[in-house]
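Per-entry structural report
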Amino acid sequence: MLVIKRRDNGNWEPPGGVLELDETPEEGVVREVLEETGIHVEVERLTGVYKNMARGIIALVFHCKPPGGEEQPTSEATAVEWLAPKDIKDHMSEVYAIRLLDAKGNDQPYTRSHDGKNIH
C-alpha cells in the first residue's frame, strides 16, 4: 500500500488532496498521487467514503493500480513507501489506517465517520 510521510506535519498518510474545480474525483486521484509520490496510477474502484465530523470534510478513497513511475520524495512528502497491510497500523493513526485496510476488504465501498482521531 502506497503511503507518504507528509512534509507539513510529519505524519504517515495515504496520498491525497483537494479536487480542482474542473476535475472528476478519479482525475484528482491520479493527479494527487503523481504530485505526492511520483507514481502514475489508474483508478480501479471506490473503496470508501469517510467524513471528519469535527471539520465537515469528506474523503473519497480509491483502490488504484500503479502502471508506472518511481516513488520519490516530493514537495509534499519527505518519504514515499510501499507498506504491507500488517504494517499500516504501526505507521499511522486509526482514521488513516482504516482507509487503507478497508481498500483490501469487500467489493462494496465502506462509509465511516470519525472525529479526526477515532472512528465512530
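Above this text you will find the structure in question.
Quick word on the pattern of salt bridges
If you walk through the whole model with that rule in mind, you get nine salt bridges. As a salt-bridge pair, Arg31 and Glu20 come within 3.9 Å of each other at their nearest N and O atoms. Of the two residues, Arg31 sits in helix H1 (residues 25-37) while Glu20 sits in the loop between strand S2 (12-13) and H1, which places them 11 residues apart along the sequence. The structure contains a network of salt bridges with shared partners spanning Glu20, Glu23, Arg31, Glu32 and Glu35.

A few points about the sheet that holds strand S5 (residues 77-82)
The strand order S2-S1-S5 describes an open sheet built from three strands, whose pairing is antiparallel. In this open sheet, the two strands that pair with only one neighbour each are S2 and S5. Of the strand pairs in this sheet, strand S1 (residues 2-6) and S2 are connected by two bridges, and their pairing is antiparallel. Residue pairing across strands places Lys5 opposite Trp12, the latter belonging to S2. Sheet strands in contact with H1 are S1 and S5, and its direction is about 60° off that of S1.

Focus: the environment of Gly69
Its location among the elements puts Gly69 in strand S4 (residues 57-69). Overall, Gly69 belongs to the exposed group, its relative accessible area being 52%. As for Gly69 and Val41, which are separated by 28 residues in sequence, their C-alpha atoms are 8.6 Å apart.

Cut-offs applied
Residues numbered from 1 in each chain as written. Predicted model: local features only at pLDDT ≥ 70, side-chain atom pairs only at ≥ 80, totals over all residues. Heavy atoms only, no water. Salt bridge = Lys/Arg side-chain N within 4 Å of Asp/Glu carboxyl O. Helix = DSSP H or I, 4+ residues; strand = E, 2+ residues; numbered from the N terminus. Pairing = 2+ DSSP bridges. Contact = heavy atoms within 4.5 Å. Axes fitted to C-alpha atoms, helices over the stretch in contact; angles between N-to-C directions. Buried < 20%, exposed > 50% of the residue type's maximum accessible area, 1.4 Å probe, protein only.

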